[in-house]
Amino acid sequence: MTTLLVFDVRGPLAHFRRPDTAVTHATYPFLTRTALHGLLGAILGTEPVQDGWAAIELRAPVRTRAQQLSMLGKMYLDGSNTKTFHRPTAVELLIQPHYRIYYTGPKQAELAEAIRQRRSVYPTYLGVAYALTVPEYVGEWAADPLEEADEEPLLCRTVSQWQR
């Protein structure tokens, strides 16, 4: 028997940028694995947590809206471009996202305590800094480990294996 840490993350909006989009900043419909690594690391104040097992469940229908934002133009690192400019950028946003996270791993007890107390070392957000969230503790649930079978594929929700 294994114990899973279960918690929810939600907010008024989220954005998990798809790297294959250039003009419009499209979003994935769910919390990505790398965003989840960073979220767990932000709670603990460490590097992204990449060990253990996690699953991500969609708890609300996926709704998106395109929004035109004025992004500040980038400067060159060597300081040769001193002018700033604003460029309009179309960004696809997730509206009222809600995810349930299931985690088991070596950081489970430490994460459970921090989430239960609603505290984190760094701000927690849903993909971008303007989409803040506070993880909500749901509980720690008992679960039976799945056995590997060569017969039929196992149908499941989004699952992320972090073991290296």
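Quick caveat, the model's predicted, so the values are computed rather than measured.

What counts as what
Residues numbered from 1 in each chain as written. Predicted model: local features only at pLDDT ≥ 70, side-chain atom pairs only at ≥ 80, totals over all residues. Heavy atoms only, no water. Helix = DSSP H or I, 4+ residues; strand = E, 2+ residues; numbered from the N terminus. Contact = heavy atoms within 4.5 Å. Areas by Shrake-Rupley, 256 points an atom, 1.4 Å probe, with all protein chains shown as cover. Salt bridge = Lys/Arg side-chain N within 4 Å of Asp/Glu carboxyl O. Buried < 20%, exposed > 50% of the residue type's maximum accessible area, 1.4 Å probe, protein only. pLDDT = per-residue confidence, 0-100. Polar contact = N/O pair within 3.5 Å; in protein donor to acceptor, adjacent residues only side chain to side chain. Pairing = 2+ DSSP bridges.

Trainee: Looking at this model, I keep getting lost on the overall build of the protein. Mind explaining?
Mentor: The helix and strand inventory of the protein stands at 2 helices and 9 strands. In sequence order, the secondary structure elements of the protein are arranged as β-β-β-α-β-β-β-β-α-β-β. A fraction of 75% describes how many contacts in the protein between residues 6 or more apart in sequence connect residues 24 or more apart. Approximately 10600 Å² of the protein is accessible, and the part contributed by carbon and sulfur atoms is 54%.

Trainee: Even after reading the chapter, I still don't get the pattern of salt bridges, so can you show me in this structure?
Mentor: A side chain of one charge can pair with a side chain of the opposite charge when the charged atoms of the two come close. Throughout the structure, instances matching the rule amount to 7 salt bridges. A salt bridge links Arg100 to Asp8; the shortest N-O distance between them is 2.6 Å. Pair noted here: Arg100 is in strand β7 (residues 98–104) and Asp8 is in strand β1 (residues 2–10), with a separation of 92 residues, a long-range link. Close ionic contact of Glu57 with Arg59 constitutes a salt bridge, the shortest N to O distance being 3.4 Å. Exposure remark for Glu57: the relative accessible area of 9% places this residue in the buried category. Arg59 gets classed as partly exposed once you look at its relative accessible area, which sits at 38%. Salt bridges sharing common partners tie together Asp8, Arg10, Arg100 and Glu136.

Trainee: Whenever I open this one, the confidence of the model for the protein confuses me. Can you help?
Mentor: Reading predicted coordinates in detail is not appropriate for stretches of low pLDDT. Put simply, the protein has an average pLDDT of 86, and 83% of its residues get 70 or more. Here strand β9 (residues 159–161) stands out as the element of the protein with the lowest mean pLDDT, 50, in contrast to helix α2 (residues 108–116), whose mean of 97 is the highest.

Trainee: Help me out: how do you make sense of α2 in this one?
Mentor: Each α-helix winds once per 3.6 residues, and so residues spaced three or four apart point in a common direction. Every buried residue of α2 is accounted for by Gln108, Leu111, Ala112, Ala114 and Ile115. Structurally, α2 contributes buried residues whose contacts are with β1, α1 (33–44), β7 and β8 (136–143). Arg118, located one to two residues past α2, shows a positive phi value of around 55°.

Trainee: Any chance you could explain the side chain of Thr133 here in plain terms?
Mentor: By secondary structure assignment, the location of Thr133 is in the loop between α2 and β8. Taking relative accessible area as the criterion, Thr133 reaches 7% and is therefore assigned buried. Looking at Thr133, its side chain comes within polar contact range of the main-chain oxygen of Arg10, at 2.6 Å. Excluding its chain neighbours within four sequence positions, the residues that come into contact with Thr133 are Val9, Arg10, Leu39, Thr124, Tyr125 and Leu126.

Trainee: What should I look at first to understand the pairing of β1 in this one?
Mentor: Note on strand geometry: in a regular strand, side chains alternate between the two faces of the sheet. Across 7 bridges, the pairing between β1 and β8 is antiparallel. In the strand pairing of β8, Thr3 is matched with Ala142. Sheet analysis places β1 next to β7, joined by 6 bridges and oriented antiparallel. Among the inter-strand pairings, Arg10 is bridged to a residue of β7, identified as His98.

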